[in-house]
Amino acid sequence: MPKLNPRRVPFRRLQPAERRRSFEEIEQGYSLEEALAEAERCLRCPARPCVSACPAGNLIPDWIGALSEGRLEEAARIIHLRSVFPAICSRLCDQSQQCEGACVVGKRGDPVAIGRLERFVGDWEQATRPRARPPERRTGRRVAIVGAGPCGMAAAVSLAERGHEVHLFDELSAIGGVLAWGIPTFRLPEPVLWAETSRLLDLSVVFHGGVRLGADLGLDDLFMRDFQAVLLATGAPVPSPLGVPGEDLPGVLSSTEFLAGVKLRGERPAARRVLVFGGGNTAMDAAATAVRLGAEQVTIVYRRSRAELRARPEEIRSAEEEGIAFEFQAVPLAFLADEHGRLVGARCARTALGPRGAEGRATARLLAGSEFELPADLAVLALGFRPDPRLRAELRGVQLDERGYVVADPATGRTSRPGVWAGGDLVTGPSTVVGAMAWGLRAAADIDRFLAEASRPQSVASA
Ligand code: SF4
């Protein structure tokens, strides 16, 4: 057996100076030769710890095996047994906390670059696959999916491929949800998303954009319109308020407002000094976007230490390479304005870290007398998200927990209201793209069973 190379095949990346001026994707992908060399590092472990660590149960050693033999079509087929969007998930998953974190090879060197290999197969597949066609056998059953993000998209593909008539509703006029409005193109290039949204349309999924549940559409209306099943997948897109003075100043934006404004509306806020509050991928995305818009000084302010940043290691490394500064163990107390009401900075305080709380992360408490000020002409808050509270009134008969999340069976997505399923961040709170996709697939499988069991087309009221 040849000696295992402890180092993975490196990934080509744009140089930081180039990245600061461009929204082009940071990582450039493996060539076939590089992918084959990296695939050789997989040991095909019988215990398959990488599979168990994937929220979707992706059959990793099987498709890496096919890839290492140059059988790309077979590799793509195996990925699709458990996943829908390999080109997207491979770019956005935190593999270091999932499959690659469990990889046996990682104990002796770099783990197998599973995400990058998946990206290679996903990109190859997007470039070569023929246009999707709806199945010839149609069931005549109608399913409504509310929310066109990763959960709703995955369910729509799965249900359409099973011959059901699928209608996808979303507040936005584009398919993709957070993938469309919240992920910058340097992390997810638009053509990669478009390849998946056009596949949905090729499968005859009917998209209704600009429709908000509770305002333009009621849950009961869907059943009146002869949908036999409804999947709620509206996510958790609403920023949680901080509750500090000055939060409503014009120069203080939520990450949702900032990222969607730049990506969807082409806004270019002119700011020289930018503060971004938060420690997850959204904070990294907002900071890197501000750099690309020309900000001279961008600082990420996070309440805990570097070790506890929730962002992917690649995002943190990219931020540091691009000159983004970090203020660890600091929280905002107030946003400060000049006499014209313009943001001039934030008053912050230091934190002391205590024992790990329920989420497994250190608790942070304010240190008395540690206040300091940071100058800024733009502040972006990326500190937590929740479901749209306006939905509550619309979800009669659907049990919610005390935080406003829908209660659903994790195995099936069924809610307390017959005929209504839910999945993704609307149930779990902000999570991963692959996790949301897996919820969509489980709900789709259960909806399909439910529709098959129904002896005749019927309204949900009698289901
Ligand atoms: Fe391959 Fe790593 Fe999975 Fe083992 S744990 S099968 S080496 S990817």
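Scope of this entry: the structure provided in the associated data block. Everything numeric in this text was worked out from a predicted model, so none of it was measured.

1. Looking at the sheet that holds strand 14 (residues 378-381)
Taken together, 5 strands build an open sheet; the order of strands is 6-14-7-8-9 and the sheet is parallel. Each edge of the open sheet is held by one strand with a lone partner, namely strand 6 (252-254) and strand 9 (325-328). With direction set aside, neighbouring strand axes in the sheet form an average angle of 20 degrees. Taken together, the 5 bridges between strand 7 (residues 273-277) and strand 8 (residues 297-302) define a ladder with parallel strand orientation. Counted as the bridge partner of valine 274 is valine 298 from strand 8.

2. Some details on the state of the cysteines
The term disulfide refers to a covalent linkage connecting the sulfur atoms of a pair of cysteines. Throughout the structure, instances matching the rule amount to 0 disulfides. Not part of a disulfide, cysteine 99 finds its nearest cysteine sulfur in cysteine 54, a span of 6.3 Å. By relative accessible area, cysteine 99 is classed as buried at 7%. In this model cysteine 151 remains outside any disulfide bridge; the closest cysteine sulfur is found in cysteine 89, 12 Å from its own.

3. Observations concerning the site of the ligand
Around the ligand sit Cys42, Leu43, Arg44, Cys45, Pro49, Cys50, Pro61, Cys103, Val104, Val105 and Ile114, and that is every residue in its neighbourhood. Within the shell around the ligand, the residues separate by chemical class into 10 nonpolar, no polar and 1 charged.

4. A look at unusual backbone geometry
Positive phi, close to 70 degrees, is recorded for serine 204, a residue that is not glycine. Serine 204 gets classed as partly exposed once you look at its relative accessible area, which sits at 35%. A positive phi angle is found at aspartate 226, which is not glycine, with a value near 70 degrees. Note on placement: aspartate 226 falls in the loop between helix 12 (219-224) and strand 4 (229-232).

Reading the values: the criteria
- Residues numbered from 1 in each chain as written.
- Predicted model: local features only at pLDDT ≥ 70, side-chain atom pairs only at ≥ 80, totals over all residues.
- Heavy atoms only, no water.
- Pairing = 2+ DSSP bridges.
- Helix = DSSP H or I, 4+ residues; strand = E, 2+ residues; numbered from the N terminus.
- Axes fitted to C-alpha atoms, helices over the stretch in contact; angles between N-to-C directions.
- Disulfide = S-S within 2.5 Å.
- Buried < 20%, exposed > 50% of the residue type's maximum accessible area, 1.4 Å probe, protein only.
- Near = heavy atom within 4 Å.
- Nonpolar A, V, L, I, M, F, W, Y, C, P; charged D, E, K, R; others polar.

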